[in-house]
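Inside the fold
Next come the chains, spelled out residue by residue.
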2 protein chains.
Amino acid sequence: MTTRYKMVLAYDGTLYSGWQVQPKRRTIQGELERVIRQVSGHKARVHSSGRTDTGVHARAQVAHFDLPEAMEARRLLEGLNGVLDEDIRVASLRRVPATFHARYSAVVKEYRYFIWNGPVVPPPLRLYRAQVRNPLDEKAMVKAARALSGRHDFAAFSANPNREVDGTVRRLDVLSVRRTGSEIALIARGEGFLYKMVRSLAGFLVRVGSGALEPEAAKTILRSAQRTARVPTAEAKGLFLWRVRYPSS
Amino acid sequence: MTTRYKMVLAYDGTLYSGWQVQPKRRTIQGELERVIRQVSGHKARVHSSGRTDTGVHARAQVAHFDLPEAMEARRLLEGLNGVLDEDIRVASLRRVPATFHARYSAVVKEYRYFIWNGPVVPPPLRLYRAQVRNPLDEKAMVKAARALSGRHDFAAFSANPNREVDGTVRRLDVLSVRRTGSEIALIARGEGFLYKMVRSLAGFLVRVGSGALEPEAAKTILRSAQRTARVPTAEAKGLFLWRVRYPSS
């Protein structure tokens, strides 16, 4: 009987070419599959709640994999963390029913995008914050974020709207902007996101905060359903996949 | 007329052999002197409030240096940050009277030592936290910290008591222990510290928190004025020079 395991993963994406296995590239999925094989003796495919791009981090990505024979979860977790580099950590691991699927069972995903709004980024944060030197007007950003919340056609906020298999309409349950001193956190929560959507929302909100666009531009850009230069993709290092929710978790 | 500049510095000590210039080693002082020469065209010696050891970080180290001709402070700061690696940042820079001395004018120094008390260190913190897997009893640590606060002969908490030029008596104004979830922060504030004193205090407090020593051991160890194996030196990466105070700042 195969046994399915669910893992919660934290990783620093700096040195990885994103989640997905690719030939000759170091990827999160590739590393996990390598160490699962090393620790369990079995080749397993690891499925996540969704891919993260090159340089994107995760605080709590969720993934699952199957093994042909059951291993004690705690031993497996310690084994994996023992051989993984410290920039990938298995935060928890447990057996789940075979009906659980990291991607298809997920009901809510939350991303957070972090901006350091000031001239000097504290060195320990340099790989985890996008820097914006000039003061951002977070009130304008909040206004624009409100206009973007809810159910919309987000084609203008996808890096590749023509390749979105499930169309470009999504419901953003939360899009909030919080300043704490020099740090601005953007929180995006919803059932699903388009390709590079959070970084596109972040890129747009930074332009609003810097005064290059009015908050009202949010509505006209949404309505256009066209990707334009008004929506830049913010850099990967500020983005964290923050958590993934499942019906019973 | 020479002009004296005071800098506040933040650095990630991971890749440096500490503060002090050494032949063939990458050091914080060495890097700063190199870039000051590059930006100003002048060779200057940089004096800090005190050395930090290999791998130790700084949130707000203070240093000064002299230039034979005045440069605009803002231009100098931007020039230095422009050529320094991102793991060293000049947070502020200003002209000060020649009577200011980063080391001799300092009246209070504060260090913070950070422990991640749990099985999994979040990857972005892995270079800035000492990990202790088993639960620490922070109440016992608080008790021991209280016994260590105040004016004492700290010879037992110096890595090299015989080489302390100013004797081994110091006044610890503050030694506190604060837990926030899995994180424990030790805060040490005082006029001056012995060699590796904060890491020795941290090493001792971790032993108390893990139950290997009673809080009451603090008093007997102080009284012994002897360095023994009961006081290990906690690893460098958890330590930050947090701030330095001067009479008028």
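Residues numbered from 1 in each chain as written. Chains lettered and ligands numbered in written order. Predicted model: local features only at pLDDT ≥ 70, side-chain atom pairs only at ≥ 80, totals over all residues. Heavy atoms only, no water.

Our next topic: the overall build of chain A. Within chain A, the secondary structure is distributed over five helices and 10 strands. The C-alpha atoms of chain A give 19 Å as radius of gyration, which agrees with the globular expectation for 249 residues (18 Å, within 12%). Oriented by its inertia axes, the alpha-carbon framework of chain A measures out at about 60 × 40 × 35 Å. Here chain A holds 249 residues, and the buried ones make up 54% of them. A fraction of 70% describes how many contacts in chain A between residues 6 or more apart in sequence connect residues 24 or more apart. Per element, the accessible surface of chain A, about 11,900 Å² overall, is 48% carbon and sulfur. (Helix = DSSP H or I, 4+ residues; strand = E, 2+ residues; numbered from the N terminus. Rg over C-alpha atoms; globule rule 2.2 N^0.38 Å. Buried < 20%, exposed > 50% of the residue type's maximum accessible area, 1.4 Å probe, protein only. Contact = heavy atoms within 4.5 Å. Areas by Shrake-Rupley, 256 points an atom, 1.4 Å probe, with all protein chains shown as cover.)

Of all hydrophobic cores here, the largest spans 76 residues; its most connected members are Met7(B), Phe65(B), Leu93(B), Leu148(B), Phe157(B), Phe204(B) and Leu205(B). At eight residues, the largest contribution of residues to this core is made by helix α4 (residues 197–209) of chain B. Setting aside residues up to four positions removed in sequence, Phe157(B) forms contacts with Leu148(B), Tyr195(B), Lys196(B), Met197(B), Ser200(B), Leu201(B), Phe204(B), Ile221(B), Leu222(B), Arg227(B) and Val231(B). Tyr5(A), Val90(A), Val96(A) and Leu175(A) belong to the second-largest nonpolar core, a separate cluster that totals 74 residues. (Core = buried A, V, L, I, M, F, W, Y, C linked by side-chain atoms within 4.5 Å.)

Right, let's talk about the packing of helix α3 (residues 138–148) of chain B against helix α5 (residues 217–224) of chain B for a bit. All names here are of chain B. Where α3 contacts α5, the axes come no closer than 8 Å and their chain directions differ by 35°. Seen from above, α3 lies across α5 with right-handed handedness. Across from Ala144, Ala147 and Leu148 in α3, the residues of α5 making contact are Ala218, Lys219 and Leu222. A per-class count over the contact of α3 with α5 returns five nonpolar, no polar and one charged. (Axes fitted to C-alpha atoms, helices over the stretch in contact; angles between N-to-C directions. Left-handed = near helix turned anticlockwise from the far one by under 90°. Nonpolar A, V, L, I, M, F, W, Y, C, P; charged D, E, K, R; others polar.)

Note on the copies: chain A fits chain B at an RMSD of 0.0 Å, the axial shift is 0.0 Å, and the rotation between them is 180°. The relationship between the two copies is best expressed as a two-fold rotation axis. When each C-alpha of chain A is compared by its distance to the rotation axis, Pro124(A) comes out closest, at 4.0 Å. In this assembly the copies share their binding face: 100% of the residues contributing to the interface of chain A also contribute to that of chain B. (Least-squares fit on C-alpha atoms with pLDDT ≥ 70 in both.)

Residue and element names in this part refer to chain B. With five of seven residues buried, strand β10 (residues 239–245) lies mostly within the body of the structure. Two elements, strand β3 (residues 57–67) and β10, share two bridges in a ladder whose sense is parallel. What sits directly across from His57, in β10, is Phe240. Here strand β5 (residues 108–116) runs beside β10; their pairing, made up of six bridges, is antiparallel. Directly across from Tyr113, in β10, lies its bridge partner Leu239. (Pairing = 2+ DSSP bridges.)

This part is about the interface of chain A and chain B. Taken together, the 17 residues of chain A in the interface contact 17 residues of chain B. Summing the contributions of chain A and of chain B, the shared interface buries around 1,300 Å²; its carbon and sulfur component is 65%. Contact with chain B buries area across many residues of chain A, yet Val120(A), Pro123(A) and Arg126(A) alone supply 38% of it, more than any other trio. Scanning the region where chain A abuts chain B turns up two salt bridges. Between Asp12(A) and Arg126(B) there is a salt bridge, and its shortest N-O distance comes to 3.0 Å. Applying the counting criterion to the chain A and chain B interface returns two residue pairs in polar contact (both at pLDDT 80 or more). For the side of chain A that touches chain B, the elements supplying multiple residues, two or more each, are β1 (3–11) and β4 (88–96) of chain A. Per-element accounting of the side of chain A that touches chain B gives the leading share, three residues, to β4(A). (Buried area = accessible area lost by both parts, 1.4 Å probe. Salt bridge = Lys/Arg side-chain N within 4 Å of Asp/Glu carboxyl O. Polar contact = N/O pair within 3.5 Å; in protein donor to acceptor, adjacent residues only side chain to side chain.)

Moving on, we get to the packing of aromatic side chains. Taken as a whole and judged by the stated rule, the model has 20 aromatic pairs over all chains. Centroid distance Phe100(A) to Tyr246(A): 4.8 Å. Interplanar angle 55°. Geometry classified as tilted. Taken together, the residues span a long stretch of sequence, with Phe100(A) in the loop between β4 and β5 (108–116) and Tyr246(A) in the segment after β10 (239–245) at a distance of 146 residues. According to the relative accessible area criterion, Phe100(A) is buried, its value standing at 10%. An angle of 85° between the planes, with centres 5.1 Å apart, marks the rings of Tyr111(B) and Phe193(B) as edge-to-face. On the criterion of sequence distance, the pair formed by Tyr111(B) in strand β5 and Phe193(B) in the loop between β9 (183–190) and α4 is long-range, its members being 82 residues apart. On the basis of relative accessibility, which here comes to 9%, the residue Tyr111(B) falls in the buried class. The class of Phe193(B) is buried, set by a relative accessible area of 16%. (Phe/Tyr/Trp six-rings, centres within 6.5 Å; stacked < 30°, edge-to-face > 60°.)

Moving on, we get to helix α2 (residues 73–83) of chain A. All names here are of chain A. All of the buried residues in α2 are Ala73, Leu76, Leu77, Leu80 and Asn81. Take α2 and look down its axis: the buried residues cluster within an arc of 125°, on one side only. Turned more than 90 degrees away from the buried face of α2, the exposed residues are Arg74, Arg75 and Gly82. Of the surrounding secondary structure, the elements contacted by the buried residues of α2 are β1, α1 (28–40), β3 (57–67) and β4. (Arc of directions from axis to C-beta.)

Relative to the elements of secondary structure, Arg126(B) occurs in the loop between β5 and β6 (130–131). On the accessibility criterion, Arg126(B) (17% relative accessible area) is buried. At 3.0 Å, the side chain of Arg126(B) forms a polar contact with the side chain of Asp12(A). Ignoring any residue separated from it by four or fewer positions in sequence, one finds Arg126(B) in contact with Asp12(A), Glu86(A), Asp87(A), Tyr128(A), Val121(B) and Lys237(B).

Bringing the confidence of the model for chain A into the picture now. Of the residues in chain A, 100% reach a pLDDT of 70 or more, and the chain-wide mean stands at 96. Interface confidence for the predicted complex, expressed as ipTM, amounts to 0.93; the pTM equals 0.94. (pLDDT = per-residue confidence, 0-100.)

As a further point, take the environment of Asp85(A). All names here are of chain A. Relative to the elements of secondary structure, Asp85 occurs in the loop between α2 and β4. The class for Asp85 is partly exposed, based on a relative accessible area of 39%. On a C-alpha basis, the gap between Asp85 and Glu31 in space is 9.0 Å, while along the polypeptide they are 54 residues apart. For Asp85, the contacting residues outside a window of four places in its chain are Tyr16 and Arg26.

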